[in-house]
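# Architecture and fold: a report
Below, each chain spelled out in residue letters.
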Amino acid sequence: MGIKGIQEFLGEDWSKVEALLKGSLHSSVELLDRTNAHLSSNEGKMLRPALSLLVSKACGTMNDDCIRVAAASELLHNATLLHDDVLDDSSVRRGAPTVLSTLGTKPSVLIGDFWLARAMDLVLRCEKHSHEILTCFSDTVQDLVEGEMLQMTKAESGDTTEEDYFRIIYLKTASLFETVCTGAAIASGSDSDSAAAVKEYGRLLGMAFQIKDDILDYEGEALGKPTGTDLKEGKITLPLLGAFKKMDDRKEKEIRGMVSAFPQQPEGCREISATVKALDGTGYAGLRLEEYVSQAKEAVGVLPDSPAKSCLLELADYCRYRKI
Ligand code: FPP
Ligand code: MG
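The notes below deal with the structure included here. From a predicted model like this one, the values you see are computed outputs, not experimental measurements.

## A closer look at the overall build of the protein
When helices and strands are counted, the protein shows 15 helices and two strands. Relative to the compact-globule value of 20 Å for 324 residues, the protein shows a C-alpha radius of gyration of 20 Å, a close match. By principal-axis analysis of the C-alpha atoms, the protein measures approximately 60 × 50 × 30 Å. Looking at the protein as a whole, 55% of its 324 residues qualify as buried. For the protein, the exposed surface amounts to about 14,600 Å²; the carbon and sulfur share of it is 54%. For the protein, the distance from the average site of its 37 positive side-chain charges to the average site of its 51 negative ones is 2 Å.

Next comes the structure, spelled out in structure tokens:
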């Protein structure tokens, strides 16, 4: 079915989310209004709002608050990308120049702040449980910042362990997936067992999503962003950690030293990528990915069978097989 098929399945509810997103991004400041419209026209996968609506349908009753939570999840996600492009000095995202590269650092940070504020505003406007849902979103904002700070520290020291890696990807990616699912469950009036199940599903799906992202950075071709960037940014991700397991301590130490010297000294980047390929580091990461995907599917096993539940199972497979 894929993401487009899921959007079609969501029908009118999907159109409501799109309309709410569009309506949330107006500004009386011309540059901001124009840039927001431009960013909205290149929307990306829209995975988080699709996930949000599916969870609401699978464990409760769809209502206007579910639409608000779905739209808020995409606004927050895009806010983080506008900030992330500054942190990573990225010039391309979704196959297009970033705000950072066209307008500069200050607009990218400020526009990210605007999207963040609009996300929080939508959550606050929920007619029921707004405080509870806002708590989930603000906890996740804290996680996102902590994840990026930890990743930054580890990129400098070059000593990322597998435990550090899983902590970083929980904080920077899976926490938002978890909040999307919890927020959607609360908004839809889900019972507590179903809410706990989709929270776990969201966490596992988010972990799988980021592992796949890190695999694609080594072997993807059509990501809409350049590949090989993690290494250049000094990030030690799961494919490289997998390759470390197959080399001696001296070689591992040498590579860790080289990676932590990036991006100032980018020599050796291609050589390290070739080593990861030769030692099948992506194969190792692929095994962990499969574990997360099957655990995510198990987590939603307790939900009553429904077309929305089938889509949640498909979404888990999408995270395993996606090419972009
Ligand atoms: C992309 O990861 C970035 C994130 C998943 C999180 C970014 C979070 C922040 C910048 C901090 C919090 C910001 C706000 C607005 C609260 P990546 O760099 O691995 O992936 P990429 O290749 O898509 O850039
Ligand atoms: Mg980045």
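## Thoughts on the coordination of the magnesium ion (ligand 2)
Taken together, Asp84 (OD) and Asp88 (OD) make up the full set of protein donors to the magnesium ion (ligand 2), lying 2.0 to 2.1 Å away. Of this pair, Asp84 and Asp88 both sit in helix H4 (residues 64–88), four residues apart, roughly one helical turn. The burial state of Asp84 is the same as that of Asp88; both residues are buried.

## Observations regarding helix H14 (residues 281–299)
Since there are 3.6 residues in each turn of an α-helix, residues three or four apart along the chain are aligned in direction. Taking 1.5 Å per residue as the helical rise, H14 with its 19 residues ought to reach 27 Å, and the 27 Å between its terminal C-alpha atoms agrees with that figure. Those residues of H14 that sit buried are Gly281, Thr282, Ala285, Gly286, Arg288, Leu289, Tyr292, Val293, Ala296 and Ala299. One side of H14 carries all its buried residues, which in axial view fall inside an arc of 165 degrees. Seen from the buried face of H14, the exposed residues on the opposite side, beyond 90 degrees, are Leu287 and Glu298.

## Considerations on the environment of Asp33
When you line up the elements, Asp33 lands in helix H2 (residues 30–40). Taking the C-alpha atoms as reference, Asp33 lies 33 Å from Cys319; in sequence the two are 286 residues apart. If we ignore the near neighbours within four places in the chain, the residues touching Asp33 are Leu25, His26 and Ser27.

## Topic: the nonpolar core
Within the largest apolar cluster, 93 residues are counted, with the highest numbers of intra-cluster contacts made by Leu51, Tyr201, Ile211 and Leu240. At 12 residues, helix H8 (residues 162–187) tops the list of elements feeding residues into this core. With sequence-adjacent residues up to four places away left out, Leu240 is seen in contact with Tyr218, Leu231, Ile255, Val259, Ile272 and Val276.

## Considering unusual backbone geometry
Unlike most non-glycine residues, Met46 shows phi in positive territory, near 55 degrees. Inspection of the secondary structure puts Met46 in the loop between H2 and helix H3 (47–59). The exposure class assigned to Met46 is buried, which follows from its relative accessible area of 4%. At Arg94, a position not held by glycine, the phi torsion is positive, near 50 degrees. With respect to the helices and strands, Arg94 occurs in the loop between strand S1 (92–93) and strand S2 (96–97).

## With respect to the packing of aromatic side chains
The description of an aromatic ring pair rests on the distance of the ring centres and on the angle between the ring planes. Under the counting rule described, the total for this entry stands at three aromatic pairs. For the ring pair Tyr165 and Phe166, a centre distance of 5.3 Å and an interplane angle of 70 degrees mean the geometry is edge-to-face. Each member of the pair, Tyr165 as well as Phe166, carries the same accessibility label: buried. Arranged with centres 5.4 Å apart and planes meeting at 40 degrees, the rings of Phe177 and Phe209 form a pair that is tilted. Here the residue Phe177 occupies a position in helix H8, and Phe209 occupies one in helix H9 (residues 192–219), the gap between them amounting to 32 residues. Assigned by exposure class, Phe177 and Phe209 land together as buried. Three or more aromatic residues link up through ring pairs in this structure, and these residues are Tyr165, Phe166 and Tyr292. One residue, Lys57, lies across the ring of Phe9, its end atom 5.7 Å from the ring centre.

The rules behind each value
- Residues numbered from 1 in each chain as written.
- Chains lettered and ligands numbered in written order.
- Predicted model: local features only at pLDDT ≥ 70, side-chain atom pairs only at ≥ 80, totals over all residues.
- Heavy atoms only, no water.
- Helix = DSSP H or I, 4+ residues; strand = E, 2+ residues; numbered from the N terminus.
- Rg over C-alpha atoms; globule rule 2.2 N^0.38 Å.
- Buried < 20%, exposed > 50% of the residue type's maximum accessible area, 1.4 Å probe, protein only.
- Areas by Shrake-Rupley, 256 points an atom, 1.4 Å probe, with all protein chains shown as cover.
- Lys, Arg positive; Asp, Glu negative; His and termini not counted.
- Charge placed at Lys NZ, Arg CZ, Asp CG, Glu CD.
- Donors = N, O, S within 2.8 Å, 3.2 Å for Na, K, Ca; no water.
- Expected span 1.5 Å × (residues − 1).
- Arc of directions from axis to C-beta.
- Contact = heavy atoms within 4.5 Å.
- Core = buried A, V, L, I, M, F, W, Y, C linked by side-chain atoms within 4.5 Å.
- Phe/Tyr/Trp six-rings, centres within 6.5 Å; stacked < 30°, edge-to-face > 60°.
- Lys NZ or Arg CZ within 6 Å of the ring centre and 35° of its normal.

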